[in-house]
Structures are given as C-alpha cells and as structure tokens.
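# Structure assessment
Here is what each chain is made of, one letter per residue.
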Amino acid sequence: MRLTKVGNENLMNMKFAVVTGASGGLGRSLVEMLAQNEWTVFALDVIPNKSSNIIEESIIPIVCDVANSESIQAAFQEVSKRTKKLDAVVNFAGILEMGSVIELPVDTMKKMLDINFLGMYQVNQVFFQLIVEGKGRIVNVSSETGVLSPAPFSAFYYLTKHAVEVYSNALRRELSFLDIPVITIRPGAFKSNMHGKATQIIENAIHNSTLFKENLKKGLKMAEQGAKNAKDAMILAKVIYKALNVKKPKIIYRVNTNILLKTLSILPEKNQDRIYKSVLK
C-alpha cells in the first residue's frame, strides 16, 4: 500500500483511479497498464488483486462487493484516506449467466442487475465527489450486446448491458454541464475470467433446463466457435488507457465488434427469429 508521505505539489501531480472488477482478466490488464504508467490504482474486487509483476506501491487492493452498498461505502472510506481526488473511475465489474427467461428464477435476474448495472450506478454516485475534485472522468464498460437484439438464452446479460447503455447516455448528458466526461466502452469477445467460464455456464444451463436442453447444446457449439474470435485483454486495456489520457475522449469506444452479430441484429425481427430458430432447433 502507498503509505509514504508526499508533498502537496507531488500529490496534485499524481493520477488516481478506482477500477472495479480489478482482479478479472480484463480489469487486471488495465490495472497493470495504469500502474506501469505512474497511476495509483485502487483495485476493487470481491477477490483481492494479486498482480505480481507490478510495483506494490502503485496498486492498492480493496475488497469490495459492488452489489453491496455497505461494501462500496467501506471502499470509499479506504480510498478517501489516501486521496481527496480521482482522475478516473472505471467500472469493469460484471458477471455472466445463461438460460431461459421462462426457467431461471427471478433471483438470477436480480443478481445480474445488482452486479452488472446497479453496482456501477452506486460506485459512480459514491465516488462522484472525488471525481469532481480531480476533474476526472467516468468509464462504464458495457458490451457490444448492449445495443444488439438479444439472442436466445442470453437475455439476462443483454438486458443488463442495455441498462448500462441507457444509464451511460443519461449520465454523460447530465455531467456534460459539469464538464465531466462519461465514456462508454463496448467490447466484443476478449479473453477473460468470464469468457473462460462461458462453456461451463452454458453446460450448467443445459443441465438445469427441462425445456431447452437440445437448443442449448446447439448454442454451446456456437459459443465454442465464437471463442476463437476472442482477443487478448491487453488490446482492450490499451483502448481504455487512451480514453483516460487523451484530452478529448470519444463518447463511445467499440473494440473487436462481432460483425456477424451486428449484421444479424439489424435484420427485421421476424427474420432474426427465423434464423435463431433454424440454427438452434
């Protein structure tokens, strides 16, 4: 942890970032890149960050469950002990669940919303004053699915990312009056903890389904094929690093977009229905 006393001038020149989901493959890559480039990073995750190739002073791991309001407040208190301003808040925290919206319990939907959307909402609110003091910026990591028509058995994830998109647009327009940039990141497939667990998640969905086992098995084959297009997490980290450092960032960064999904999504809904039924039947 950074406990060394520094002068006020040096403190003002330091860059500070809060990154949620900091121990996952995507979040960890960004944390390491920031730390290597003279940022101090508060790495928030339910699992402590264990990066081994970084100067220890540059990363401050804080255990935080973004689905828990008290946990977020406790993380804020820890951050506030070390800095009175933030240059960035980056919201990476997220989970993936798959299955039928007619079969999975409502608690699954609540869990997805709590982590993928409401956690982001609360983190930005709680840390907002530090962003104001640092004249910083907010980065919300969405997904290419946030603007696509939902695929069967993926509605939980699509729904939460659609919520992130609506929220980010509203937040960006509101905070423009305060000259605080809000940036949306729309990644496609990247190698991460979530992506690595996708096969197991679908296999669990197959096991738990009574109505759609065969359809989900077809979906598993499609997911395994799509995994071949996953890019290295460092590519995404570089894009976000640029968004945090350029004077005038874009409002949206699209990275490794799946052209097939994008093309499918712009077809008339009836056509999409036919294609999905044909492929997954």
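Below is a short write-up of the structure.

What counts and what doesn't
- Residues numbered from 1 in each chain as written.
- Predicted model: local features only at pLDDT ≥ 70, side-chain atom pairs only at ≥ 80, totals over all residues.
- Heavy atoms only, no water.
- 1 Å grid on protein atoms, 1.4 Å probe; cavity = no way out; pocket = protein on both sides within 12 Å on 5 of 7 lines; lining within 4 Å.
- Points joined across faces, edges and corners; volume = space filled by probe spheres on them.
- Helix = DSSP H or I, 4+ residues; strand = E, 2+ residues; numbered from the N terminus.
- Nonpolar A, V, L, I, M, F, W, Y, C, P; charged D, E, K, R; others polar.
- Axes fitted to C-alpha atoms, helices over the stretch in contact; angles between N-to-C directions.
- Parallel < 35°, antiparallel > 145°, perpendicular 65-115°, else oblique.
- Left-handed = near helix turned anticlockwise from the far one by under 90°.
- Contact = heavy atoms within 4.5 Å.
- Patch = residues over 30% accessible without salt bridge, like charges linked within 9 Å, V, L, I, M, F, W, Y side chains within 5 Å.
- Areas by Shrake-Rupley, 256 points an atom, 1.4 Å probe, with all protein chains shown as cover.
- Salt bridge = Lys/Arg side-chain N within 4 Å of Asp/Glu carboxyl O.
- Phe/Tyr/Trp six-rings, centres within 6.5 Å; stacked < 30°, edge-to-face > 60°.
- Buried < 20%, exposed > 50% of the residue type's maximum accessible area, 1.4 Å probe, protein only.
- Pairing = 2+ DSSP bridges.

The final tally for this structure, using the stated rule, is one cavity of 30 Å³ or more. Considering the residues around the largest cavity, the lining is formed by Thr-20, Val-66, Asn-91, Ala-93, Ile-115, Gly-119, Met-120 and Val-123. A total of four residues in the lining of the largest cavity trace back to one element, the largest contributor, which is helix H4 (residues 106–126). Broken down by class, the residue content of the lining of the largest cavity amounts to five nonpolar, three polar and no charged.

Orientation of helix H2 (residues 25–36) relative to helix H10 (residues 233–245), taken along the N-to-C sense of each, is 55°, at an axis distance of 8 Å. Regarding the angle of H2 to H10, the classification is oblique. Relative to H10, H2 is oriented so that their crossing is right-handed. Along the contact surface, H2 presents Gly-25, Leu-26, Ser-29, Leu-30, Met-33 and Leu-34, while H10 presents Ala-233, Met-234, Leu-236, Ala-237, Lys-238, Ile-240, Tyr-241 and Leu-244.

Residues Met-222, Leu-267, Ile-275 and Val-279 make up a contiguous nonpolar surface patch of about 290 Å² in total accessible area. For Met-222, the location among the structural elements is in helix H9 (residues 213–226).

A word on the packing of aromatic side chains. Each aromatic ring pair is described using two quantities: the centre-to-centre distance and the angle formed by the ring planes. The tally for this structure, following the rule as stated, stands at six aromatic pairs. Taking the centre distance of 5.5 Å and the plane angle of 70° together, the rings of Phe-76 and Phe-127 count as edge-to-face. Highlighted residues: Phe-76 in helix H3 (residues 69–80) and Phe-127 in the loop between H4 and helix H5 (128–134), separated in sequence by 51 residues. Overall, Phe-76 belongs to the buried group, its relative accessible area being 17%. Of the residues examined, Phe-127 reaches a relative accessible area of 0% and is grouped as buried. Of the aromatic side chains, those joined through ring pairs into one cluster are Phe-117, Tyr-121 and Tyr-167.

What follows concerns the sheet that holds strand S5 (residues 137–141). Read across the open sheet, the seven strands follow the order S3-S2-S1-S4-S5-S6-S7; overall the sheet is parallel. Looking along the sheet, the strands with just one partner apiece sit at the ends: strand S3 (59–63) and strand S7 (252–255). Each strand of the sheet is rotated relative to its neighbour by a mean of 15°, with strand direction disregarded. Here six bridges tie strand S1 (residues 15–20) to strand S2 (residues 39–45), and the two strands are oriented parallel to one another. Bridging across to S2, Val-19 finds its partner in Ala-43. Across the sheet, helix H6 (residues 155–175) touches S5 and strand S6 (182–187), and the angle it forms with S5 is around 165°. Of the strands in this sheet, S1, S2, strand S4 (88–91), S5, S6 and S7 touch H10, which is tilted by about 155° from S5.

Counted by the stated rule, this structure contains five salt bridges. Residue Lys-217 pairs with Glu-214 through a salt bridge whose shortest N-O separation is 3.3 Å. Of this pair, Lys-217 and Glu-214 both sit in helix H9, three residues apart, which is roughly one turn of that helix. Linked by salt bridges that have partners in common, Glu-78, Lys-81 and Arg-82 make up one network.

As far as function goes, none of this settles anything; it's purely spatial.
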